[in-house]
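Chain residues, written in single-letter form:
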Amino acid sequence: MSAAAAFWKYFEDDDEDRPEKPRRYGVTEMRGPQYNFLSQNLLQDIFESTGQFVDGLKFSGGSHSLMPKSFIKEVIDVAHRHDVYVSTGDWAEHLLRQGPSAFKDYVEECKNMGFDTIELNVESLGVPEDTLLRYVRLIKSGGLKAKPQFAIMFNKSDVPSGRNRAFGAYVPPAPRSSEMVEDVNLLIRRAERCLQAGADMIMIDADDLSKDADSLRADVIAKIIGRLGIEKTMFEASNPRTSEWFVKRYGPKV
């Protein structure tokens, strides 16, 4: 049996546990092509044939920034006609060099275009936690859903040192490091604060855990789901074997 056939077999066997759209869990998001345009006819064919399994469409890699606004709106309309939400993907980090008001303008433009969700790639943004939480609140106040994306690897300078200090004392920021370290507890703490600020879903980069399904960090995944909840956690996987592993391990509710 091929990997694709096995994936659909497991998916179909337990499908009675997966509610109809719109779903709070068992949410499946597809990524649009990153290096070429997304044909409306192709998208229409996908939604008409397997649309019942697709909850969201993500403009991967900021691809929408190269497309005419009229085309983007048409794609979004096609998705909405099939009860599929549309996410910006990780593009917000490119706005930082445009000044402090750029993000607010970006939220308003996304709303006018018809986007439903704005994704925030926390690693690429590289902003302090207070700024990240402010971005989440700006997205929510703009009437859109917020989805921060985390990876398990952090810049070493972002990991709290744990030094004792008086409350409110100024602590100079650590110099940026080129070393990356794994810290699942820091990931969970920051994700929890984002949820408290109003984030609707936390995206976890599954490729950062392993690109090989045979060596996936099952202990780390279980800890993340145990703390954040399966309804608030989405794993982004770039290959079918990894996706199949998640469905086999956690069923159609993942």
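The rules we used
- Residues numbered from 1 in each chain as written.
- Predicted model: local features only at pLDDT ≥ 70, side-chain atom pairs only at ≥ 80, totals over all residues.
- Heavy atoms only, no water.
- Pairing = 2+ DSSP bridges.
- Helix = DSSP H or I, 4+ residues; strand = E, 2+ residues; numbered from the N terminus.
- Axes fitted to C-alpha atoms, helices over the stretch in contact; angles between N-to-C directions.
- Phe/Tyr/Trp six-rings, centres within 6.5 Å; stacked < 30°, edge-to-face > 60°.
- Salt bridge = Lys/Arg side-chain N within 4 Å of Asp/Glu carboxyl O.
- Buried < 20%, exposed > 50% of the residue type's maximum accessible area, 1.4 Å probe, protein only.
- Contact = heavy atoms within 4.5 Å.
- Parallel < 35°, antiparallel > 145°, perpendicular 65-115°, else oblique.
- Left-handed = near helix turned anticlockwise from the far one by under 90°.
- Nonpolar A, V, L, I, M, F, W, Y, C, P; charged D, E, K, R; others polar.
- pLDDT = per-residue confidence, 0-100.

**Q** Tell me what's going on with the sheet that holds strand 4 (residues 117–121), and back it up with residues and numbers.
**A** Ordered in space as 1-2-3-4-5-8-9, the seven strands form an open sheet in which the pairing is parallel. Of all strands in the sheet, those bounded by a partner on one side alone are strand 1 (29–31) and strand 9 (233–236). Averaged over all pairs of adjacent strands, the angle between strand axes in this sheet comes to 25°, irrespective of strand direction. Across four bridges, the pairing between strand 8 (residues 202–205) and strand 9 is parallel. Considered in strand 9, the bridge of I204 is made with F235.

**Q** Run through the packing of aromatic side chains, naming residues and quoting values.
**A** Taken as a whole, this structure holds six aromatic pairs when the rule is applied. Ring geometry for F59 and F115: centres 5.6 Å apart, planes at 70°, overall edge-to-face. Here the residue F59 occupies a position in the loop between strand 2 (56–58) and helix 3 (69–81), and F115 occupies one in the loop between helix 4 (102–113) and strand 4, the gap between them amounting to 56 residues.

**Q** Which residues make up the pattern of salt bridges, and what values do they have?
**A** Tallying each qualifying case throughout the model produces 15 salt bridges. We note a salt bridge from E119 to K147, for which the minimum N-O separation is 3.7 Å. Highlighted residues: E119 in strand 4 and K147 in strand 5 (residues 145–150), separated in sequence by 28 residues. Here K147 falls in the buried class, since its relative accessible area comes to 3%. Among the ionic pairs, D219 bridges to R217, the shortest N-O distance being 3.6 Å. Classification of R217 as partly exposed rests on a relative accessible area of 28%. One continuous salt-bridge network, built from bridges that share partners, spans E29, R31, K58, E119, K147 and E236.

**Q** Would you mind going over the side chain of T117 in detail, with residue names and values included?
**A** Looking at the element boundaries, T117 is found in strand 4. Excluding anything up to four places from it in sequence, T117 contacts Y85, V86, S87, T88, K145 and K147.

**Q** An account of the pairing of strand 4 is requested, with residue identities and associated values reported.
**A** Looking down a regular strand, the side chains alternate between one sheet face and the other. In terms of residue burial, strand 4 counts as a mostly covered element, since five of its five residues are buried. Burial along strand 4 is two-sided: T117, E119 and N121 facing one way and I118 and L120 facing the other are all buried. Sheet topology places strand 3 (residues 85–90) next to strand 4; two bridges connect them, and they run parallel. Note that in strand 4 the partner of S87 across the bridge is T117. Note that strand 4 and strand 5 share five bridges and pair parallel. Across the sheet, the residue bridging to E119 is K147, located in strand 5.

**Q** Before we move on, can you summarise the packing of helix 8 (residues 218–228) against helix 9 (residues 240–250) with the specific residues and values?
**A** It is at 13 Å that the axes of helix 8 and helix 9 come closest, and there the two elements cross at 60°. What the angle tells us is that helix 8 and helix 9 run oblique. Note on packing geometry: the crossing formed by helix 8 with helix 9 is right-handed. Packed against helix 8, whose contacting residues are A218, I221, A222 and I225, the element helix 9 presents W245, F246, R249 and Y250 at the interface. The residue inventory of the contact of helix 8 with helix 9, partitioned by class, reads seven nonpolar, no polar and one charged.

**Q** Could you give an account of the confidence of the model for the chain, with specific residues and numbers?
**A** Taken as a whole, the chain shows an average pLDDT of 82; of its residues, 80% reach a score of 70 or greater. Within the chain, helix 1 (residues 3–13) has the poorest average pLDDT of any element, 49, and strand 5 the best, 96. Taken as a whole, residues 1–7 scores under 50 in pLDDT and shows seven contacts with residues more than four places along the chain or in a different chain.

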